[in-house]
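# Descriptive analysis of the structure
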Amino acid sequence: MTQDLPVLVRWAREAEDAGFDSVMISEHVVLGPDAGADGRMANPREYALPGNQDPFTPWPHSLTLLAAIAAVTTRLRLAAAGVLAPLRHPLVLARELGTLDLLSEGRLIVLPTVSWSRDEYAALGVPFAKRGRLLDEHLEIWSLLWGPSPVSYDGEFYSFKDVYFEPKAHRPGGPVLWFGGAGMSAHLLRRLARWGSGFNPLGYPPEEDLRKLASGLAAQGRSISEIELVGGTRAIFPDNHTFAPLEAALEHIPQRMAEGYTTFCIKPSQFTDDPAKVGAFCREVMCRVSS
């Protein structure tokens, strides 16, 4: 993540012009020593995983950055990936999300999650062990806030009475919600089945996980065909000092499309080191996947 935020906004516009569907930005509020507890990535272009990150990595406020991108685009979906809901009050976060959804006229996608960094939770005074239950209350409260005012809630962590939440989000049910994770846990399955419109796993889950998802959705009267399956590209680095070749990263996409995946994420910095070439890179990607 660069500190030159106007460049990121320009890249998003270039991605839209090239024909990309969406732009995805994740977040952290702060990082602590546990960010790199397992050692840093051998190649800095690799995906950052829990415990292998440089704690000096810049993490700008994702929703503010997406608002800037919304202002210079008209079609691009805005994926707020990895929104760490338990680190904020649900009324405050709902206000931020609803406003961005209004600004973008319904283009916002939210992937709420709990994250892995104990240091980040400690710095903000939020109990790490309770993060899943905190997220569940966020989801319950958001669903109420997108409906008629006034709204009341009495939960384990949050409680309020007769609040008027106006304006709502652009979409009547609030922003689109995706969920993801490293495995199909019972908590993930429950949230997907009740709230989810998309599944963005870490890597590609085994067939058993997709069967569990289909079964969990069916129990809620839903079908897996309603869920947007989000996959990724396979960046294979020839060494620890250079970027990955694009052709090999895209080879598996036809197979994944046959399995039901319709959306694929790609990280430009894995394939080019020149910020001035990101627009050309986006056009090359679209040319290759369209041929």
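Right, let's walk through the structure included here. (Residues numbered from 1 in each chain as written. Predicted model: local features only at pLDDT ≥ 70, side-chain atom pairs only at ≥ 80, totals over all residues. Heavy atoms only, no water.)

Another aspect to go through is the nonpolar core. Residues Leu66, Ile69, Trp142 and Phe199 are the most contacted members of the largest nonpolar core, which totals 70 residues. With six residues, the top contributor of residues to this core is helix H5 (residues 131–145). Excluding its chain neighbours within four sequence positions, the residues that come into contact with Phe199 are Phe179, Gly180, Met184, Leu188, Leu192, Pro205, Leu210, Leu213, Ile227, Glu228, Leu229 and Val230. Grouped together as the second largest cluster of nonpolar side chains are seven residues, Leu111, Val176, Trp178 and Val230 included. (Core = buried A, V, L, I, M, F, W, Y, C linked by side-chain atoms within 4.5 Å. Buried < 20%, exposed > 50% of the residue type's maximum accessible area, 1.4 Å probe, protein only. Helix = DSSP H or I, 4+ residues; strand = E, 2+ residues; numbered from the N terminus. Contact = heavy atoms within 4.5 Å.)

To continue, consider the state of the cysteines. Summed over the entire model, instances satisfying the criterion amount to zero disulfides. Left without a disulfide partner, Cys282 is nearest to the cysteine sulfur of Cys287, which lies 13 Å away. On the accessibility criterion, Cys282 (3% relative accessible area) is buried. For Cys287, a relative accessible area of 55% translates into the label exposed. (Disulfide = S-S within 2.5 Å.)

This next bit is on the sheet that holds strand E2 (residues 77–84). Spatially, E1-E2-E3-E6-E7-E8-E9 is the arrangement adopted by the seven strands of the open sheet, whose pairing is parallel. Taken across any chain shown, the strands that pair with only one partner, and hence form the sheet edges, are strand E1 (22–25) and strand E9 (261–265). Across two bridges, strand E6 (residues 176–179) lies against strand E7 (residues 198–199) in parallel orientation. Opposite Phe179, over in E7, you have Phe199 as the bridge partner. Against the sheet, H5 engages strand E3 (108–113) and E6, with an angle of about 150° to E3. (Pairing = 2+ DSSP bridges. Axes fitted to C-alpha atoms, helices over the stretch in contact; angles between N-to-C directions.)

Let's shift gears to a nonpolar patch on the surface. A cluster of nonpolar side chains, namely Val29, Val30 and Leu124, defines an oily patch on the protein surface of about 210 Å² accessible area. Mapping Leu124 onto the fold places it in helix H4 (residues 118–124). (Patch = residues over 30% accessible without salt bridge, like charges linked within 9 Å, V, L, I, M, F, W, Y side chains within 5 Å. Areas by Shrake-Rupley, 256 points an atom, 1.4 Å probe, with all protein chains shown as cover. Salt bridge = Lys/Arg side-chain N within 4 Å of Asp/Glu carboxyl O.)

Taken as a whole, the second largest pocket spans an internal volume of roughly 170 Å³. Surrounding the second largest pocket, 13 residues form its lining, Trp146, Gly173, Pro175, Leu177 and Trp195 being those nearest its centre. Where the lining of the second largest pocket is concerned, the elements lending two or more residues are H5 and E6. Here the lining of the second largest pocket gets three residues from one element, more than from any other, and that element is H5. (1 Å grid on protein atoms, 1.4 Å probe; cavity = no way out; pocket = protein on both sides within 12 Å on 5 of 7 lines; lining within 4 Å. Points joined across faces, edges and corners; volume = space filled by probe spheres on them.)

This part takes up unusual backbone geometry. Note the cis peptide between Ser149 and Pro150, where omega equals 0°. Along the chain, Pro150 turns up in the loop between H5 and strand E4 (151–154). Cis peptide bonds are those with omega within 30 degrees of zero, and the linkage from Glu166 to Pro167 qualifies with -5°. With respect to the element layout, Pro167 can be found in the loop between strand E5 (159–163) and E6. Notably, Ser115 is not glycine yet its phi reads approximately 70°, a positive angle. What makes Ser115 buried here is its relative accessible area of 14%.

Before going further, it helps to examine the side chain of Asn43. If you trace the backbone, Asn43 turns up in the loop between E1 and helix H2 (62–72). A relative accessible area of 0% places Asn43 in the buried class. Within polar-contact distance, the side chain of Asn43 engages the side chain of Arg45 at 2.9 Å. Among the polar contacts listed, one links the side chain of Asn43 to the backbone oxygen of Asp239, at a separation of 3.0 Å. (Polar contact = N/O pair within 3.5 Å; in protein donor to acceptor, adjacent residues only side chain to side chain.)

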